[in-house]
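Letter by letter, the chains look like this.
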Amino acid sequence: MNDWSVDLRPRPAFMAAARERRLWDGVIESTKSAQERGCDPLLWAVQLSSGLNSAGVSLPSTELADLLVSHICWANNVPITWKFLEKALAMRIVPPLYVLALLSTRVIPGRWSHPAGYRLYMELLKRHAFSYIHQINCSDYEKIMKSIDGILHLSQIFTLQASEPGILVVELVFAIVWQLLDASLADEGLLDFTPEKKSRWLTGTQDIEMDSHDYSNGKIMECRDRMCKCNTILAVELIGEFFKNKVTSKVLCLARRNMSSHWNCFIQHMQLLAASSSALRSSKNIAPEDLLQLTSDKRTELSQVWNTSSPKQFLAVMAGSLVSSAGRCHGTSHSALWLPFDLFLEDTLDPSRVTATSAIETLTDLAKALQAVNQATWHDTFLALWIAALRLIQREGDSREGPVPRLDTCLCILLSITTIVFLNIIEEDEAGLVYETESSAISQRKVKHISGGNCRRDLVSSLQQLADYEDLLSPPLTVISVANQAAAKAMMFLSGMTIGSGYFDGMSLNELPMDCSGNMRHLIVEACIARNLLDTSAYSWPGYVKGHINQIHHTVSGQMPGWSSLMKGSPLTPSLVNILVSTPASSLAEIEKIYELAVTGSNDEKIYAASILCGASLTRGWNIQELTVLLITKLLSPPVPADYSGGESHLISYASFLNALIIGISSVDCVQIFSLLGVVPQLAGALMPICEVFGSCAPKVLWTLATGEEISSHGVFSNAFTLLLKLWRFDRPPVEHVSGEVAPVGSHPTPEYLLLLCNSQLASYASTPKDQHKSKRLLKLASPSSTEPIFMDSFPKLKQWYRQHQECIVSILSGLVHGSSVHQIADLILNMMFKKVGRGSQPLTPATSGSSSSSGPVTEDSALRLELPAWDILEAVPYVLDATLTACAHGRLSPRELVTGLKVLADFLPASMATIVSYFSAEVTRGIWKPASMNGTDWPSPAANLSMVEQQIKNILAGTGVEVPSLDAGRNSQATLPLPLAALVSLTITYKLDRATERLLFLIGPALHALASSCPWPCMPIISSLWAQKVKRWSDFLIYSASHAVFQHNRDAVEQLLRRCFMCTLGLDSSLTSSNGGVGALLGHGFVSHFSSGISAVAPGMLYLQVHRSVRNVMFTTKEIVVLLMHSVKHIASCGLCKPNKFKKTKHGMRYGQVSLATAMTRVKLAASLGASLVWITGGLSLVQSLIKETLPSWFLSVHESEAEVGESSGMVPMLRGCALAYFAVLSGAFAWGVDSSSPVSRRRQNILGGHLEFLASALDGKITLGCDWTTWRAYVSGFVSLMVGCTPAWMLEVDVEVLKRVSKGLRRWNEEELALALLGIGGVGAMGAAAEMIIESER
């Protein structure tokens, strides 16, 4: 033992402290002695190590590091002491990271007075700051890192609560680089140009010994300056080395991802250095652009780090982009991988699908999901969505004639919804750019506007490329003139002509002063210009304008009164109103002018304004459509006048105006437009007070409409109530509540749910929007007059009716008290309904027992005595219906008399039709009524065309590829319907088809269809036959709709239809629409009538989108889709794409036999994309979550039959199956949750995704025994994790860190090192420490 060695074995505390002091004093004395003698550093280090070991000191020692650094700085700042320190580091007597941390606090602040020390410090960095493997394996690793944190205050500076040693390693590396950066900026006088004007690191004693050195000698001063400049250059180069080094670059990736605010500040300093540093420009080893490239976001993404490993091959073959071929049939090219767009858009056209959420939000999330998972550019994504929306219009252009118009909805999707989606995406992109620009240290000023980022440029390029798809750009007949006007506008603009806002008002094609031909692209460009997505430079695109201009004055005025006349102050006259109703407004100013008239004008002007707002500006004012629906909704809730003092509601004085608005928006296409724009909750919130007020008024006051007709409170109430019922799934049959089958996943919108969403939307107006950029479009004019929440309790009459409606569904009618007001009103209604029947001594009356009995004679003034509030009448209607149905069943009332009476009731109070539908539907499901014989005597007969209808249904199914047993097997020759259903359908066919009854039929039709579909076969064909006899031009539509009922009764038919969807999409069945597969084969060209004989074949995807809401057991659908996906993979592998040869790697990528693996994987991806789309569309969020939580784990646990198919024995099929399931799962989740956290539904993601990863982790840990093929399992796990890392990294921030660590360990056991690291890298701060340690361990 040396003379300074002291035994540190356990002693009393005061004795141990004294001996420890003597030990370290001896170390200093020995070091000084060795320093004076010029002792060999190696000998010194060996003796020191031996002595400390003998003294029981644990090595490496932080105490010794403190001692040596304090000894050097700065009393012994001589070369030999630095050599001593280097040997101590090399022999691991002192911890390197701890020493570097200590030196950084002494050397960097004193670098100008001690440039040699700074240079030596950087040399130590080169040797010890790039290798950490031994340091993290040290027994005192955690203690040493905590000591470093105490020195540099890393946790405090970086504000990270977690103090794991791995996290501290990341902070330390980041701090070292940042120290060098700020030191370099300070050396060149650039630190003052940073926002902070100082460094968070360069604190402490600054050159305290400057005066003790003799710098009066010029040569010494020059030498010091030269050394300082060299040090600055070396520091800059050393920064580059940190970003080049394999280990430290990955560690800095973690810092960038998990400490973004600090990283942004760091990058600002780095950009300043690159822009202004003379030292950087003087370096021979690194250039400014190289340094910026090394520190760019792309280079510091962990996903780039692991792209050289096997997951790269997975993503490469799974990624797709648009190719030049497009049109109606794209085959299995990469463009077909965008088919979720087509499926979603086609599904939104379902008139029964009145959604409470905005299609804009859903489509925005869908676009983000497909862009991420397909690894595509925004150019490809934008172009794919344009093409999908154009295909939608092309399919609708040849559609069947029927009661449900869809063209205006299609045009709304293309020209309004899609452009707003792109606006959201571009504004989000540019908001990020603005933020970065505003926070830039170089600009030193805030930037209010930027010209645009990559998204905007991609939109422009996508629109330019859209010209290549001429077959998709042909406008429908009704839009040709508008397209020609859009082309003419561009032509005139390029000619320098001034175009008045009303120049095209009322003009026909023949009146245009030029030869021009417009198409859908011209309308798209105009829609984009109107929303500032483009400017008029688009008019100059090559080929945009075709034709030539005839002679015309350079300043043209309006051709006839129109919007230009209104803006110039012309009063609203009937002729001008007719023009404005039929011509959409072209600007916000015009629609705002009408709104002002609706608010401040006279009574006549208000009604005129209501008609104009609900006219063409609503249905085809694509550039201002979202504002129009908001203004209409706002007008439905007029504020209470300041001077109002009446006892009744102020809404009464607005009766005529409110009624005009309600009638104007009650058509099918208008309701769909409100639904697409997400305004249904607010519309419901506006209608409920109207229903409450007018339903509580007796019809004693009449208001005169613009047509001269008079309307009472009953009429206003009925119109508002009927529209309100369309906004929630009132049409769903009660059978869903009582049958044993599983109801469709997800609750249907209810009044309470609509109010909940309405209140959420109102709250968003009241609070500052999270995304400030999105609020700019929501003009103050369109914000609601009140943002107070609305509750169902505010509408007691509506709430009472809704409770009665639900009671009628679930139980037999009861509770009527004899002599009560309800009983008396029911008597009055019956007397009114059957006063012409002349029952004499056997009148009808509701009985308290639920059956019919006798009462007094019928009075003639029943209608006069029924001047009661509508709510009171509706409360009695179920008892009236019970009495009439019972009387008819017992022969006391003939079917004709029953239907006539029902018609009288519905004509008296149209709102009662809702109760009629609800009650009769409930009674059908109870099955207590004997069938009604549809024999043409008592009830209308379908015999004239029933056999033809059934044959056409068989033809439709056969043409689609669905074979079912004989549909008429086992039924009697006599057509029958349940009595309530017979009464309901007989009632409906008594109505004339006019605009007045259209609104009522729109309510009844879906309910009647849903009810008939749930009844035994052939109820649906019978009803279709009866309606086809009434409206022959709707025959094909009615027959096609009737064919949907087959799938509700036959599960095997659903399975066959799904199989056809997969086969057609993949091009695996040449007997169907197209052997090329893709979107065209799946969706065809829409529903087309009269091809050869009868109805043409319907594409399977189109038919499935029509029937999937009728399939109650959606869990069966999900399982069947998984099975079909696996079968599809087998077909792909066996149809000649993949031969049973070994993999071969060529310059074009991996190949399997003669066809590349990418080719097979493209089809696999297409099949998985179809499956994910069908699951999401069928059951929405709930079904996707069930898929991931239950269906997929169950599939992996189950044992599947192993068939010796081609390629399967060699692992090709199992591998492809795993890849397919991975893509299927991730894409399903992306559809339902979104790829980021911007969507409200993303909050539902954490539990389900965390549970699935827990399942993966448990299986990887060996805690779960799997039944599936091991190759399939491995491909699934690797693919699933790869896709999440590369496409949905935000998901991992919500998963428990310990679960991520377990999955990562399992991947490492599979030698998937880089993928395991990437998973931890996106796991947030909690996983950052484990990721850093994994990076370091990769040094081995």
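Residues numbered from 1 in each chain as written. Predicted model: local features only at pLDDT ≥ 70, side-chain atom pairs only at ≥ 80, totals over all residues. Heavy atoms only, no water.

Engineer: Could you give me a rundown of the overall build of the chain, with the residues and numbers involved?
Structural biologist: A count of helical and extended segments in the chain gives 61 helices and 11 strands. Here the chain holds 1340 residues, and the buried ones make up 59% of them. A fraction of 77% describes how many contacts in the chain between residues 6 or more apart in sequence connect residues 24 or more apart. Surface summary for the chain: the accessible area is close to 52,800 Å², and the carbon and sulfur share equals 51%. (Helix = DSSP H or I, 4+ residues; strand = E, 2+ residues; numbered from the N terminus. Buried < 20%, exposed > 50% of the residue type's maximum accessible area, 1.4 Å probe, protein only. Contact = heavy atoms within 4.5 Å. Areas by Shrake-Rupley, 256 points an atom, 1.4 Å probe, with all protein chains shown as cover.)

Engineer: So what about the pattern of salt bridges? Which residues, and what values?
Structural biologist: Two side chains that carry opposite charge are able to pair once their charged atoms sit near each other. A full pass over the atoms with the stated rule returns 33 salt bridges. Notably, a salt bridge pairs E430 with R456, separated by 2.6 Å at the nearest N-O pair. In this pair, E430 is assigned in helix α21 (residues 407–438) and R456 in helix α22 (residues 454–465), connecting sequence segments 26 residues apart. Judged by its relative accessible area of 10%, E430 falls in the buried class. With a relative accessible area of 17%, R456 lands in the buried category. Residue D1261 pairs with R1309 through a salt bridge whose shortest N-O separation is 3.4 Å. One end of the pair, D1261, is in the loop between α57 (1245–1260) and α58 (1270–1287); the other, R1309, is in helix α59 (residues 1297–1309), and 48 residues separate them in sequence. Classification of D1261 by relative accessible area gives partly exposed; the value is 32%. (Salt bridge = Lys/Arg side-chain N within 4 Å of Asp/Glu carboxyl O.)

Engineer: Describe helix α33 (residues 668–676), and please don't skip the residues or the numbers.
Structural biologist: Since the α-helix packs 3.6 residues into each turn, any two residues three or four apart lie on the same face. Counted residue by residue, α33 has 9 buried out of 9 residues, so it is predominantly covered. When α33 is considered as a whole, its buried residues turn out to be V668, D669, C670, V671, Q672, I673, F674, S675 and L676. Of the residues one or two after α33, G678 is the one with positive phi, at around 75°.

Engineer: Lay out the environment of P638 in plain terms, naming residues and giving numbers.
Structural biologist: Tracing the backbone shows P638 in the loop between α31 (625–635) and α32 (655–664). Under the relative-accessibility criterion, P638 is labelled buried at 11%. A sequence separation of 16 residues divides P638 from Y654, and the C-alpha atoms of the two residues are 8.3 Å apart. In this structure P638 touches H650, L651, Y654 and L658, once residues within four positions along its chain are discounted.

Engineer: Quick one: what's the story with unusual backbone geometry, residue by residue and with numbers?
Structural biologist: Cis geometry is adopted by the peptide bond preceding P60, which originates at L59 and carries an omega value of 0°. Assignment of secondary structure puts P60 in the loop between α2 (41–54) and α3 (62–72). The peptide bond linking W1017 to P1018 adopts the cis configuration, its omega dihedral lying at 10°. If you trace the backbone, P1018 turns up in the loop between α47 (995–1014) and α48 (1019–1030). Phi at H153 takes a positive value of approximately 55°, unusual for a residue other than glycine. Note that H153 resides in the loop between α8 (141–152) and α9 (154–158). Taking relative accessible area as the criterion, H153 reaches 41% and is therefore assigned partly exposed. With a phi angle near 50°, Q375 is a residue other than glycine that sits in the positive phi range. Look at Q375 and you get partly exposed, because its relative accessible area is 39%.

Engineer: Any details on the packing of helix α11 (residues 218–244) against helix α12 (residues 246–258)? Residues and values, ideally.
Structural biologist: Across the interface, α11 lies against α12 with an axial gap of 5 Å and an inter-helix angle of 85°. In terms of orientation, α11 and α12 fall into the roughly perpendicular class. Listed contacts from α12 to E241, F242, F243 and K244 of α11 are K246, T248, S249 and L252. Here the residues of the contact of α11 with α12 sort into 3 nonpolar, 2 polar and 3 charged. (Axes fitted to C-alpha atoms, helices over the stretch in contact; angles between N-to-C directions. Parallel < 35°, antiparallel > 145°, perpendicular 65-115°, else oblique. Nonpolar A, V, L, I, M, F, W, Y, C, P; charged D, E, K, R; others polar.)

Engineer: Describe the nonpolar core, listing the residues and the values that go with them.
Structural biologist: Judged by nonpolar contacts, the single largest core of 448 residues is most densely connected at F694, F721, F1224, W1273 and Y1276. At 21 residues, helix α55 (residues 1157–1197) tops the list of elements feeding residues into this core. For F1224, the residues in contact, after removing those within four places along its chain, are I1121, V1122, L1125, A1168, G1171, A1172, V1175, L1187 and L1192. (Core = buried A, V, L, I, M, F, W, Y, C linked by side-chain atoms within 4.5 Å.)

Engineer: A description of the side chain of T348 should follow, citing residues and the corresponding values.
Structural biologist: Residue placement: T348 occurs in helix α18 (residues 339–348). Exposure remark for T348: the relative accessible area of 3% places this residue in the buried category. Apart from residues lying up to four places away in sequence, T348 is in contact with R353, I413, Q672 and L676.

Engineer: I'd like to hear about the environment of M1126, residue by residue, with values.
Structural biologist: As for its placement among the helices and strands, M1126 is situated in helix α54 (residues 1114–1134). Its relative accessible area of 5% is what places M1126 among the buried residues. Once you skip the residues sitting within four places of it in the chain, M1126 turns out to touch W1195, R1217, A1220 and L1221.

Engineer: Just give me the short version of the packing of α54 against α55, but keep the residues and values in it.
Structural biologist: To describe two helices that pack against each other, one gives the angle between their axes and the distance between the axes. Relative to each other, α54 and α55 sit at 160°, their axes nearing to 9 Å. By the criterion of interaxial angle, the relationship of α54 to α55 is roughly antiparallel. Helix-helix and strand crossings are classified by hand; for α54 and α55 the assignment is left-handed. Here the contact of α54 with α55 is composed, by residue class, of 17 nonpolar, 7 polar and 3 charged. (Left-handed = near helix turned anticlockwise from the far one by under 90°.)

Engineer: Before we move on, could you go through the side chain of E923 and cite the residues and values that matter?
Structural biologist: With respect to the secondary-structure elements, E923 resides in helix α44 (residues 912–926). A polar atom in the side chain of E923 sits 2.8 Å from the side chain of W929. In contact with E923, not counting residues within four places along its chain, are L885, I928, W929 and P980. (Polar contact = N/O pair within 3.5 Å; in protein donor to acceptor, adjacent residues only side chain to side chain.)

Engineer: Could you give me a rundown of the confidence of the model for the chain, with the residues and numbers involved?
Structural biologist: Looking at the chain, the pLDDT average stands at 83 and 81% of residues meet or exceed 70. Below pLDDT 50 for its whole length, residues 204–212 participates in 11 contacts with residues either more than four positions away or in separate chains. Long-range and interchain partners of residues 849–860, a stretch whose pLDDT sits below 50, account for 23 contacts in this model, where long-range means more than four residues apart. (pLDDT = per-residue confidence, 0-100.)

Engineer: Can you break down the packing of aromatic side chains residue by residue, with the values?
Structural biologist: In this description, a pair of aromatic rings is defined by centroid distance and the angle of the planes. Under the defined criterion, the tally for this structure stands at 37 aromatic pairs. Ring geometry for W44 and F84: centres 4.6 Å apart, planes at 15°, overall stacked. Of this pair, W44 sits in helix α2 while F84 sits in helix α4 (residues 79–90), placing them 40 residues apart in sequence. F84 matches W44 in its accessibility class, with the two residues each being buried. Cluster of aromatic residues (ring-pair linked, three or more members): F158, F174, W178, W201, F243, W263 and F266. Of note, K903 hangs over the ring of Y991, and the distance from its end group to the ring centre comes to 4.7 Å. Positioned above the aromatic ring of F1116 is the side chain of R1051, whose terminal nitrogen or guanidinium carbon lies 4.6 Å from the ring centre. (Phe/Tyr/Trp six-rings, centres within 6.5 Å; stacked < 30°, edge-to-face > 60°. Lys NZ or Arg CZ within 6 Å of the ring centre and 35° of its normal.)

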